[in-house]
Every structure is written in structure tokens, then in C-alpha cells.
Protein chains: 2
Amino acid sequence: MELQLVNERRRGPYAAKRLTEFAARCRRGGLAVTPQRLAIIEALLGSGEHPRADAIFAAVRMQHPHISLATVHRTLDTLCDIGEARKVTTLHDSARYDGNITPHHHVVCVKCRRIRDIEIPRLDRLLAGQSELGEFTVLGSSLEIHALCEDCGAKRAGANRTMKARR
Amino acid sequence: MELQLVNERRRGPYAAKRLTEFAARCRRGGLAVTPQRLAIIEALLGSGEHPRADAIFAAVRMQHPHISLATVHRTLDTLCDIGEARKVTTLHDSARYDGNITPHHHVVCVKCRRIRDIEIPRLDRLLAGQSELGEFTVLGSSLEIHALCEDCGAKRAGANRTMKARR
DNA sequence: TAACCAGATGATAGTAATTATCATCTAGGT
DNA sequence: ACCTAGATGATAATTACTATCATCTGGTTA
Ligand SMILES: [Mn+2]
Ligand SMILES: [Mn+2]
Ligand SMILES: [Zn+2]
Ligand SMILES: [Zn+2]
């Protein structure tokens, strides 16, 4: 079996380990260890759902009734910045459309969000014939390669044309 | 070379062919062939940028100064429905976070948006060592497998718990 | 331990993308 | 030419998120 659903049982021990290291990692990142941050990372590590900010908010609220939704948004963002969490939906800020309906994949510049088509025949071969994945029925797939484009990568950070700044 | 940027030159002929077939495909999908739809698919096929709705709007406006932005949104959505376009940003509607920072990939139920972790060692091996891709500097990657989960796939369409309906 | 302050938080206003509503229009069939 | 289901344009509403700013606090220092 080449593609494999990750076993849910693994999460418990993994979360426990991450949690014990969390305070140290915060300080390493120059961040204060606040009760809110602890509660948020704990809720995130305790979920296998890849939750949205509002779900984390709901979970954390039970222990911290005064927490603000803005804090949850900010904290999740911060956790991603220091590498303690990851945003699954890299390009979530606005819809991007493609007129090319032949099967293909994409490189995305993480700074300016430029997207270009790529072909990976060996990947397509690898996935062809995979019609079941645990309890899921496979319909298709798409690989997103995160990268820096020429314009964004070559220059020193600072003077770059960043699309993220536009929000 | 295993990963390959798709040559821009290919787009011209591809777009031309798609455009000539468009009216027929619309009718097959039960859609009226309106000047707005023609202009929108033409703009989309003419772009290699994976544009956002507002970019298409700007392009189309030059020929159709009266077109509404809502029409552009609706039409792009419709084009995706009939398979004439594709939304690159499948999960763009809201940010989803992951506490699992070990490298892994995801299956996404296209109906209820459930996301589960998967491991594809052979894919990771395939991509390892690929640090350049044309003018892009590779940072990482993530495969998204589109699927139907047990709950959404087994049932007849209709009584399914769809998350998309929540918007 | 107390005093300090950079950075964190909560409350709330603002923004931007998308969707809903609805009166009017038109593609395509008769 | 006429009819009508469906498409469009104008605009209001929604939603996820970000900005602002007064207040608070973790963690360092004296
Ligand atoms: Mn593409
Ligand atoms: Mn994951
Ligand atoms: Zn770039
Ligand atoms: Zn589902």
C-alpha cells in the first residue's frame, strides 16, 4: 500500500510531546507563554479535524470564556509563523481560476502568489488506479509546490513585491 | 527531468480549440450561450495567471463595460460546475489549521470538507532533492487528494450533509 | 518583591471577497 | 414575432478576517 491514511491513535502521544516542548519553543521564538496561547495550541493539537479559527475559538472558550476571536486568529497566525502550526489552505484568501482543464499541478510563489502549471507524469502514474483511500473514494488530486519565484527569491527580503501585504 | 513547468506557448492553440467547442459544451450543459459567458471563458483561457474574479472582471470590462462583477463570480462558478474551468483554490473559503507539523499530505472530501492526513513516502522521495523548478526555488509541497468521504459518498445525492450549502 | 514595559489581549470598527435578492432582460425554442 | 426559463445588473447582505487602540500582563530587572 503506497498511500496511507495516518492512524488517529498516533495523535495522542504526538500532541503530548509537542505540548511539553511548547513553552520552550515559544521563548525560542521570542514569544510570551500566555494562557491563551497554551489553550489554543492544546486545542489545535487535540484535533484531527484541521479546524477553522471559529472551531478553535469554541473549544478554547470553554476554559477561557473571556478569550477574543481576534486573539484566536492572531495566535493561529503566530503559531504558523514560528513553525508550531501550519495553514492547510495556503491560498485561501481568494479564489483562483484555471481555464486549463487537462490534469496538471502547480507551483505557487509563497510571496507574490504567482501560480504556474507543472506536469509530473510520475506522480500521475503513482496515483492512477488509486480509487479508494480508507473510507474515501478518490476523485482526483492536485499537488501544490510551494516556492519562491525569481522576482521574490533573488532580491533581499524587504523591497519585494509581496501580495500578502495587500490584505 | 521529472517535474516540468508547462510551456506557455501551448496555451494559444489550446485556448483556440476550447473556444470553438465552447458553445456546444454550454448547450450540452443546458446553458445559454451569452456574450458574457463567451467573454469570460475567453479571458480565462487567454490567461496563464490563474486569475481571480476581479482580474477577469477587469479584462472583460474592456469589451463589455456594462458587465457586473456578480456575473463574473457566478459565471466562473458555473464554468467549474460544467467542467469548463477549475478552481485552483479548492479550500479557499476559510483558513484551516493543522497542529501536525510533520510532513504529510491530505485527503479532502469535496462535499463536507472533512480533511484527513495521509502519508505518501514515495511522493516525498520523488520530490526530495528537487530544489529548483524553472525560475522557482522549491520550499515544500503538499498533495491534496479530492475525494468523497464515507458519509457523503455512500448516500444518494440530496440528503447529504454538505458543508458547501452553508454559504 | 516591586516596578517596569514590550508585547499580548479584548472589544470593536473596518475591509474585502463572495453570495443573496430581485427587478429587468434575453437566448433560444415555438 | 412571441414566450418563458434562465441570465444579468444593481445593490444589499454576509462572512471571514484584519486593524485599531485602550488596557493588561509575562517576564525581566533593580
Ligand atoms: Mn493550472
Ligand atoms: Mn494534516
Ligand atoms: Zn513571487
Ligand atoms: Zn464528506
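As a reminder, the structure under discussion sits directly above these lines.
Residues numbered from 1 in each chain as written. Chains lettered and ligands numbered in written order. Predicted model: local features only at pLDDT ≥ 70, side-chain atom pairs only at ≥ 80, totals over all residues. Heavy atoms only, no water.

Visitor: Is there a simple way to explain the overall build of chain A in this structure?
Guide: Along its length, chain A carries six helices and seven strands. Starting at the N terminus and walking to the C terminus, you meet the elements of chain A as β-α-α-α-α-β-β-β-β-α-β-β-α. Principal-axis analysis of the C-alpha atoms gives chain A an extent of 50 × 45 × 25 Å. When each of the 167 residues of chain A is scored for burial, the buried share is 44%. Working note: accessible area of chain A is about 9000 Å², and carbon and sulfur atoms make up 52% of it. In chain A, 27 side chains carry a positive charge and 19 a negative one; their mean positions are 8 Å apart. (Helix = DSSP H or I, 4+ residues; strand = E, 2+ residues; numbered from the N terminus. Buried < 20%, exposed > 50% of the residue type's maximum accessible area, 1.4 Å probe, protein only. Areas by Shrake-Rupley, 256 points an atom, 1.4 Å probe, with all protein chains shown as cover. Lys, Arg positive; Asp, Glu negative; His and termini not counted. Charge placed at Lys NZ, Arg CZ, Asp CG, Glu CD.)

Visitor: Mind showing me how you'd approach the interface of chain A and chain B here?
Guide: Bring the parts together and some accessible area is lost; that lost area is often taken as the interface size. Residue-level contacts link 71 residues of chain A with 71 residues of chain B. Buried area between chain A and chain B, summed over both chains or domains, comes out near 7300 Å², and the portion from carbon and sulfur atoms is 59%. Of all residues in chain A, the largest losses of buried area upon contact with chain B belong to A:H50, A:R86 and A:Y97, amounting jointly to 13% of the total for that side. Remark: the boundary between chain A and chain B carries five salt bridges. The interface formed by chain A and chain B holds 47 residue pairs in polar contact (both at pLDDT 80 or more) in total. Of all the elements, strand β7 (residues 136-148) of chain A adds the most residues to the side of chain A that touches chain B, at 13 residues. Its residues placed into classes, the side of chain A that touches chain B shows 35 nonpolar, 17 polar and 19 charged. In this structure, strand β1 (residues 4-5) of chain A lies alongside strand β5 (residues 115-119) of chain B, joined through two bridges in antiparallel fashion. Residue A:Q4 lies in a different strand from β5(B), and its bridge partner there is B:E119. (Contact = heavy atoms within 4.5 Å. Buried area = accessible area lost by both parts, 1.4 Å probe. Salt bridge = Lys/Arg side-chain N within 4 Å of Asp/Glu carboxyl O. Polar contact = N/O pair within 3.5 Å; in protein donor to acceptor, adjacent residues only side chain to side chain. Nonpolar A, V, L, I, M, F, W, Y, C, P; charged D, E, K, R; others polar. Pairing = 2+ DSSP bridges.)

Visitor: Honestly, the coordination of the zinc ion (ligand 4) in this entry has me stumped. Any pointers?
Guide: Ideal values for angles at a metal depend on the geometry: 109.5 degrees with four tetrahedral donors, 90 or 180 degrees with six octahedral donors. All names here are of chain B. Coordination of the zinc ion (ligand 4) by the protein involves C109 (SG), C112 (SG), C149 (SG) and C152 (SG), with metal-donor separations of 2.3 Å. Its four donor atoms give the zinc ion (ligand 4) angles of 105 to 116° at the centre, a pattern that matches the tetrahedral case. For the zinc ion (ligand 4), all donor residues lie on one chain, and their spacing in sequence is C-x2-C-x36-C-x2-C. Of this pair, C109 sits in strand β4 (residues 105-109) while C149 sits in the loop between β7 (136-148) and α6 (150-154), and the two are 40 residues apart along the sequence. The residues C109 and C149 share a single accessibility class, namely buried. (Donors = N, O, S within 2.8 Å, 3.2 Å for Na, K, Ca; no water. Tetrahedral: all angles 85-135°; square planar, octahedral: opposite > 155°, others 65-115°.)

Visitor: Can you help me understand the protein's contact with DNA strand D in this one?
Guide: If you check the shell around DNA strand D, you find 25 residues, and the closest are B:T34, B:Q36, B:T71, B:R74 and B:A95. Close to the protein, within 4 Å, the atoms of DNA strand D belong to sugar or phosphate groups at a rate of 80%. Here a phosphate oxygen of DNA strand D and a side-chain polar atom of A:R52 are 3.0 Å apart. Those elements that place two or more of their residues in the surface near DNA strand D are α4 (69-81) of chain A together with α2 (35-45) and α4 (69-81) of chain B. (Near = heavy atom within 4 Å.)

Visitor: For this particular structure, what's the right way to read the coordination of the manganese ion (ligand 2)?
Guide: At this site the manganese ion (ligand 2) is bound by A:H50 (NE2), B:D98 (OD), B:H104 (NE2), B:H106 (NE2) and B:D117 (OD), with donor distances of 1.9 to 2.2 Å. Note that A:H50 is positioned in the loop between α2 (35-45) and α3 (53-61) and B:D117 in strand β5, a pairing that runs across two chains. Both residues of the pair, A:H50 and B:D117, belong to the buried class.

Visitor: Is there a simple way to explain the pattern of salt bridges in this structure?
Guide: Pairs may arise between side chains of opposite charge once their charged atoms sit close together. All names here are of chain B. Across all of its chains, the model carries 21 salt bridges over all chains by this definition. As a salt-bridge pair, E21 and K17 come within 3.8 Å of each other at their nearest N and O atoms. With E21 and K17 both in helix α1 (residues 11-28) and four residues apart, the pair spans about one turn of that helix. Given the relative accessible area of 53%, K17 is considered exposed.

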